[in-house]
Protein chains: 2
Amino acid sequence: MRSGRPGGKVRLEDVANLAGVSMKTVSNVVHDHPHVSAKMRERVQSAIDQLGYRPNLTARRLATGRTGMLALAIPEIDQPYFAEIVRYVAAEAAGRGYRVIVEQTLSEVEAERAIISDREEGLVDGVIFHPMRIDTMEIARLRPDTPLVLLGEVARPLTTDHVMIDNVAAARVGVELLIAQGRSRIGFLALVHGDITESTHLRLLGYQEALVAAGMQIDPQLVLESTGWTVEEVMQTLLDALAAGIRFDAIVCRDDLFAMAAMKALDRAGLSVPGDVAVLGWDDTRFARYSTPAISSVSPDKAAIARTALDLLEERMNGYDGVGRHRIAPHAVVERETTAPK
Amino acid sequence: MRSGRPGGKVRLEDVANLAGVSMKTVSNVVHDHPHVSAKMRERVQSAIDQLGYRPNLTARRLATGRTGMLALAIPEIDQPYFAEIVRYVAAEAAGRGYRVIVEQTLSEVEAERAIISDREEGLVDGVIFHPMRIDTMEIARLRPDTPLVLLGEVARPLTTDHVMIDNVAAARVGVELLIAQGRSRIGFLALVHGDITESTHLRLLGYQEALVAAGMQIDPQLVLESTGWTVEEVMQTLLDALAAGIRFDAIVCRDDLFAMAAMKALDRAGLSVPGDVAVLGWDDTRFARYSTPAISSVSPDKAAIARTALDLLEERMNGYDGVGRHRIAPHAVVERETTAPK
DNA sequence: GTGAAAGCGCTAACAG
DNA sequence: CTGTTAGCGCTTTCAC
């Protein structure tokens, strides 16, 4: 089945020789080019099968200048929200003929810098990047030659494309739901020390807007602050507030992980959900769906985020070189078991 | 900063010209080759910086025949167990100088077949594959030229390397824990219709062995069967058993997702965990840690799995061509809140 | 220690 | 519609 060449490697030329045609004709067959006679096609195909020929991607890439690969850079692959984003982006990319390589930054500054200032050329045709640590200025300065689209709520760089949801509006809708269900002491879990992304602040802003619009008083005590992102830290934050005598009948969480932490804290404090306290998560991940009780959650349209990011990126890869575009993806609030009329 | 060449592309040769040295010398500097004088290195480096030269990966790959890339093929990226496997494999691979591209099969036969019978050459140097649908015979028959290591409990192919945990022993230890805590009506959730992997059967076998070893009676009623893998189906399976009057004081689950489903069903049936019923999960994912109550879980050593898979794969990539090796990674049982003495 | 030249396997422009 | 040929940018013998 293999050619007699050393290493068993079969080249396009070997196929051409065996079939008695030119390399161009073989290439036409491999690429399903229209203008090839049926008998020709068959003859070439049989040579391909006989030799077990497989086109060499690397050579093709060198010749075409395209890799057919995209990089998706995210903080952590095993955080459900990002795992789901990877899934949608990979599906969307596959539909457009791209494969995706996943890069984890672990929210480390150096890793994020490495994404932007790509040292080597020809790894990927484009990059989709969800930054956590580096800011607009740095992205603008280190801006790579490679087409780039940003995800998430970084401060908006003027020069770079960007896809996000309207966090303020989403938070507002979520809080309005709680208010409509008769909740009046609605907490926010939580601001995080050292968080330089805008997400949490925007969500907090929407929370505040909804309260004001409803003519409710804003009690700063209800806005909690966590020392970190872990479930343990977030749980402790709520536990401390409860121990300090602060009372809630609803809690808006910055994401589903925080909601899981809230469930733990409330359980430990002997409070029932949603009887005593309603809980609203964010991101609509598997955590929310599989938890008991199932967590109501603000749901960004991940498929739309992926689709929009790919749209933008493809335009860049096709040569668009204008100013940065900013696209808003839709959101919804999915009601499950942790929210209910009081 | 850019050369005057069209397209702004800077090549090794341009650097060589500017620095007034040969391409070989530039290459030596780029690769930190030892035998280069300090002044030479400096001169070349300044030319590199001046031109903004970035080596072209594709050309390097074509010349060397290595891609520096690995494929990791898994069923679903957004299933926590696999997301965590991706994380460990990616970390391990990065440490060895490889990048990884993630391929989702979605447990579809055709997608799995595509992984094995790679149509194109030069995409990756090696493949790590967690199959769900295709069997030993097919893997052996379609076996690609690309080095391959299998993950999970497929029937063991003689020709292919393979990393797994000892499912039987792990299940036995888990059930022994339950027995030691005074549980006597221990259910198994669940066999799944159409599941052709060995995992569930091996776990069921260990379950059975532990019961026999403890001199307990085996009640077939306690071994449940689900029509599918979704949380809804699994939950319904347990709900049906409960409705049929079958009583449990512990449930061993085939994975953490099934454990989440069990928690839902028990909650709905008004049973408390672990008061009335203990629950043991499998895979030790974030689900188990973040759930309320936190789920005790059989914990495969994912770091060891990743490390071992890479070890095996590197040997293959370095030319080892012997018989398939089978490596067992360690496991443990992590006790959390869903198991406790009765 | 450094330089010149021959590929790596494919694509695409051009000629026939 | 098919064949020829010149690159794509780097690595790597092999002389110097």
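All figures in this text were calculated on a predicted structure; none of them were measured in a lab.

With that settled, the discussion passes to the packing of helix α2 (residues 23–30) of chain B against helix α3 (residues 38–51) of chain B. Residues and elements named next belong to chain B. Taken N-terminus to C-terminus, the directions of α2 and α3 make an angle of 90°; their axes are 10 Å apart at the nearest point. Compared by their axis directions, α2 and α3 come out roughly perpendicular. Where α2 abuts α3, its residues Thr25, Val26, Val29 and Val30 lie against Met40, Arg41, Val44, Gln45 and Ile48. The residue makeup of the contact of α2 with α3, split by class, is six nonpolar, two polar and one charged.

All names here are of chain B. A sheet is described by the order of its strands in space; here six strands give the open sequence β7-β6-β8-β9-β10-β12, paired in mixed fashion. Here the strands that pair on one side only, and so sit at the sheet edges, are β7 (223–226) and β12 (331–334). The average angle at which neighbouring strand axes cross in this sheet is 20°, direction not considered. With four bridges connecting them, strand β10 (residues 296–300) and β12 associate as antiparallel partners. Counted as the bridge partner of Ser299 is Ala332 from β12. Across the sheet, helix α11 (residues 256–268) is in contact with β6 (186–192), β8 (250–253), β9 (278–282) and β10; its angle to β9 comes to roughly 155°.

The interface of chain A with chain B comprises 52 residues on the first partner and 52 residues on the second. Taken together, both faces of the contact between chain A and chain B bury some 4900 Å²; the carbon and sulfur share is 51%. A per-residue breakdown of the area chain A buries against chain B is headed by Arg54, Glu121 and Tyr290 of chain A, which together make up 17% of the total. Arg87 of chain B is paired through a salt bridge with Glu76 of chain A; the nearest N and O atoms lie 2.5 Å apart. Between the two partners, chain A and chain B, sit 28 residue pairs in polar contact (both at pLDDT 80 or more). At the level of elements, α4 (57–64), α5 (80–95), β2 (99–104), α11 (256–268) and α12 (286–290) of chain A are the ones that each hand at least two residues to the side of chain A that touches chain B.

Time to look at the pattern of salt bridges. Inspection of the entire model under this criterion finds 54 salt bridges over all chains. Of the charged contacts, one joins Arg185 of chain A and Asp219 of chain A as a salt bridge, the two residues approaching to 3.5 Å between their closest N and O atoms. Taken together, the positions of Arg185 of chain A in the loop between α8 (167–180) and β6 (186–192) and Asp219 of chain A in the loop between α9 (199–213) and β7 (223–226) put the pair 34 residues apart, joining distant regions of the chain. Judged by relative accessible area, Asp219 of chain A falls into the partly exposed class, the value being 23%. Residues Arg336 of chain B and Asp284 of chain B are paired through a salt bridge, measuring 2.7 Å at the closest nitrogen-oxygen approach. A residue pair is termed long-range when its members are at least 10 positions apart, and Arg336 of chain B in the segment after β12 and Asp284 of chain B in the loop between β9 and α12 (286–290) qualify at 52 residues. Using a relative accessible area of 21% as the deciding quantity, one classes Arg336 of chain B as partly exposed. Its relative accessible area of 11% is what places Asp284 of chain B among the buried residues. Members of the salt-bridge network, linked through shared partners, are Lys9 and Arg54 of chain A together with Asp118, Glu121 and Asp145 of chain B.

Glancing now at the protein's contact with DNA strand C. Surveying the vicinity of DNA strand C reveals 22 residues, the closest of which are Leu12, His31, Tyr53 and Arg60 of chain A together with Ser22 of chain B. Contacts to DNA strand C include Ser27 of chain A, whose side-chain N or O atom sits 3.4 Å from a phosphate oxygen. The contact in question runs from a base nitrogen of DNA strand C to an N or O atom on the backbone of Ala59 of chain A, over 3.4 Å. Of all the secondary-structure elements, those providing two or more residues to the surface near DNA strand C are α2 (23–30) and α4 of chain A together with α2 and α4 (57–64) of chain B. Per element, the largest residue contribution to the surface near DNA strand C is four residues, and it comes from α4 of chain A.

Residues and elements named next belong to chain B. Its location among the elements puts Thr339 in the segment after β12. In terms of polar contacts, Thr339 uses its side chain to reach the side chain of Ser296, at 2.7 Å. Contact partners of Thr339, with chain neighbours within four places excluded, come to Leu177, Leu178, Gln181, Pro274, Ala278, Val279 and Ser296.

Before going further, it helps to spend a moment on the sheet that holds β6 of chain A. All names here are of chain A. Taken together, six strands build an open sheet; the order of strands is β7-β6-β8-β9-β10-β12 and the sheet is mixed. Two strands bound the open sheet, and with one partner strand each, they are β7 and β12 (331–334). Within the sheet, the average angular offset between the axes of one strand and its neighbour, ignoring direction, is 20°. Bridge analysis of strand β9 (residues 278–282) against strand β10 (residues 296–300) gives three bridges, and the strand direction is parallel. Considered in β10, the bridge of Gly281 is made with Ser297.

A separate point is the UniProt feature "domain: HTH lacI-type" (unreviewed entry) in chain A. Within this structure's numbering, the places UniProt gives as "domain: HTH lacI-type" (unreviewed entry) are residues 10–64 of chain A. Regarding residues 10–64 of chain A, the helix share stands at 69% and the strand share at 0%, and the terminal C-alpha atoms are separated by 20 Å.

Before going further, it helps to examine the protein's contact with DNA strand D. With respect to spatial proximity, 22 residues lie near DNA strand D, and among them Thr25 of chain A together with Leu12, His31, Tyr53 and Arg60 of chain B are the closest. Between DNA strand D and His31 of chain B there is a distance of 2.6 Å, counted from a phosphate oxygen to a side-chain nitrogen or oxygen. Only α2 and α4 of chain A together with α2 and α4 of chain B provide two or more residues apiece to the surface near DNA strand D. Considering each element in turn, the surface near DNA strand D owes the most residues, four residues, to α4 of chain B. When its residues are assigned to classes, the surface near DNA strand D shows ten nonpolar, eight polar and four charged.

Time to look at the nonpolar core. Note that soluble globular proteins tend to have their nonpolar side chains buried in a common cluster. Counting residues in each nonpolar core, the largest one holds 152 residues, and the members touching the most others are Leu189 and Leu238 of chain A together with Leu189 and Leu238 of chain B. In this view, Leu189 of chain A contacts Leu224, Val234, Thr237, Leu238, Ile251, Val252, Cys253, Arg254, Phe258 and Ala262 of chain A; residues no more than four positions away in its chain are not counted. In terms of nonpolar packing, the next biggest core, distinct from the first, is built from 32 residues, Met69 and Leu150 of chain A together with Leu123 and Ile139 of chain B among them.

With respect to the element layout, Leu57 of chain B can be found in helix α4. Accessibility expressed as a relative area gives 7% for Leu57 of chain B, which makes it buried. Each C-alpha atom of the pair Leu57 of chain B and Gln104 of chain B lies 25 Å from the other, and the pair is 47 residues apart in sequence. Once you skip the residues sitting within four places of it in the chain, Leu57 of chain B turns out to touch Glu120, Glu121, Gly122 and Leu123 of chain A.

When chain A is fitted to chain B, the best match, at an RMSD of 0.2 Å, comes from turning it 180° and sliding it 0.1 Å along the axis. This pairing of chains is accounted for by a two-fold axis. Residue Ile101 of chain A of chain A places its C-alpha closer to the rotation axis than any other residue of that unit, at 2.3 Å.

How each quantity is defined
- In this convention, every chain numbers its residues from 1, walking through the sequence in written order.
- Starting at A for chains and at 1 for ligands, labels are handed out in the order in which the entities are written.
- Restriction of local features to residues with pLDDT of at least 70 applies here, the model being predicted, together with a cutoff of 80 or more for giving and counting side-chain atom pairs; totals for whole chains, interfaces and linings are based on all residues.
- With hydrogens and water set aside, each side-chain value is computed from the structure's full complement of heavy atoms.
- In this analysis an axis means a line fitted to C-alpha atoms, helices contributing only their contacting stretch, and an angle means the value between N-to-C directions, from 0 to 180 degrees.
- By the criteria applied, helices consist of DSSP H or I runs no shorter than four residues and strands consist of E runs no shorter than two, each listed in order from the N terminus.
- The cut-offs work like this: below 35 degrees is roughly parallel, past 145 is roughly antiparallel, 65 to 115 is roughly perpendicular, and the gaps in between are oblique.
- We call two residues contacting when some pair of their heavy atoms lies within 4.5 Å.
- Note on residue classes: Ala, Val, Leu, Ile, Met, Phe, Trp, Tyr, Cys and Pro are nonpolar, Asp, Glu, Lys and Arg are charged, and everything else, Gly too, is polar.
- Following DSSP output, two strands are said to pair if at least two bridges run between them.
- Buried area is understood as the total, over both parts, of accessible area removed when two parts are fitted together, assessed with a 1.4 Å probe.
- Each reported salt bridge corresponds to a side-chain nitrogen of Lys or Arg within 4 Å of a carboxyl oxygen of Asp or Glu.
- Within 3.5 Å is the distance limit for a polar contact, defined as a pair of N or O atoms, with the added protein rule that one can donate a hydrogen and the other accept it, and that residues adjacent in sequence qualify only through two side-chain atoms.
- Exposure categories follow from relative accessible area, calculated using a 1.4 Å probe and restricted to protein chains: below 20% of the type maximum is buried, above 50% is exposed, and the middle band is partly exposed.
- If a single non-hydrogen atom of a residue is within 4 Å of a molecule or strand, that residue counts as near it.
- UniProt positions are given in the numbering used here, feature names are shortened, and annotations may be inferred rather than shown by experiment.
- The set of buried Ala, Val, Leu, Ile, Met, Phe, Trp, Tyr and Cys residues whose side-chain atoms join them within 4.5 Å is what this entry labels a nonpolar core.
- Only residues with pLDDT of at least 70 in both copies contribute their C-alpha atoms to the least-squares superposition of the copies.

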